Amino acid sequence: MRGKQTVRDLVLSMAAIGVVVFGIYFFVPHSEGDPVKTVGYSVELGQARRDAPYAVAAPVGLGKDWRATSVTYDSTDPKAVTWHLGFVDPQEEYAAVEQSNAGAAAFIDAKTYGAARSGSRTVDGVTWTKYEGPKYDALVREANGVTTVVTGTASFGQLAELAAALEERGGQ
């Protein structure tokens, strides 16, 4: 008789837990909005433009459909100061501006995830080197010891739009 009570008690306990779990799942609201969290970047941009040893690039005049999603500025190594500004473009693809005064080859390889040089593209009269890769494509410009990489899963058209909107200011 004792064994049957234990099994019955176990089944009743499991049923009670199931009802509680179902109730929590049913009554707790689930997020159905846009999963992309946008960020402001004016503070970081201001700091980078005051502090960086090069003119820091950021877009001006992009449409509202371009949403900033990540920003970082790292000046801990004066010979490898980095600026990053990531976006989701109007087609829901990722595009980012990456800049550094570090060695160009290693920086490009890291930011494009190993994309290979594939030609060039002129954007607003400026020649950018094209890189194509299995993960990211990129437009790259090297000038005055600074490498600017516009990279991501976005199309070359969208990357060019971001590159065209870049304005460089600051630097020491």
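Keep in mind the model is a prediction, meaning the values are calculated, not measured. (Residues numbered from 1 in each chain as written. Predicted model: local features only at pLDDT ≥ 70, side-chain atom pairs only at ≥ 80, totals over all residues. Heavy atoms only, no water.)

1. Re the side chain of Thr148
Piece 1. Its place among the elements puts Thr148 in strand 8 (residues 146-152).
Piece 2. A polar contact is formed between the side chain of Thr148 and the side chain of Gln99, at a distance of 3.1 Å.
Piece 3. With residues near it in sequence (within four places) discarded, Thr148 still touches Glu98, Gln99, Trp128, Leu139, Val140, Arg141, Leu166 and Glu168. (Helix = DSSP H or I, 4+ residues; strand = E, 2+ residues; numbered from the N terminus. Polar contact = N/O pair within 3.5 Å; in protein donor to acceptor, adjacent residues only side chain to side chain. Contact = heavy atoms within 4.5 Å.)

2. Focus: the nonpolar core
Piece 1. Membership of the largest hydrophobic core comes to 30 residues, with the highest contact counts inside it found for Trp83 and Leu139.
Piece 2. Every element with two or more residues in this core is listed here: helix 2 (42-51), strand 1 (56-59), strand 2 (67-74), strand 3 (82-88), strand 4 (94-100), strand 8 and helix 4 (156-165).
Piece 3. When residues in this core are grouped by element, the largest group, five residues, is from helix 4.
Piece 4. Among all residues touching Trp83, those that are not within four sequence positions of it are Glu44, Leu45, Ala48, Tyr54, Val56, Ala57, Val71, Thr72, Tyr73, Val97, Glu98 and Gln99.
Piece 5. In terms of nonpolar packing, the next biggest core, distinct from the first, is built from eight residues, Ile108, Ala115, Ala138 and Val149 among them. (Core = buried A, V, L, I, M, F, W, Y, C linked by side-chain atoms within 4.5 Å. Buried < 20%, exposed > 50% of the residue type's maximum accessible area, 1.4 Å probe, protein only.)

3. What to know about unusual backbone geometry
Piece 1. The residue Tyr113 is not glycine, and still its phi comes out positive at about 55°.
Piece 2. Residue position: Tyr113 is located in the loop between helix 3 (104-112) and strand 5 (116-123).
Piece 3. The backbone phi angle of Asp124 is positive, close to 50°, even though this residue is not glycine.
Piece 4. The residue Asp124 is located in the loop between strand 5 and strand 6 (126-132) in this model.

4. As for the environment of Thr148
Piece 1. Here Thr148 falls in the buried class, since its relative accessible area comes to 2%.
Piece 2. For the pair Thr148 and Glu98, spaced 50 residues apart in sequence, the C-alpha to C-alpha distance is 5.8 Å.

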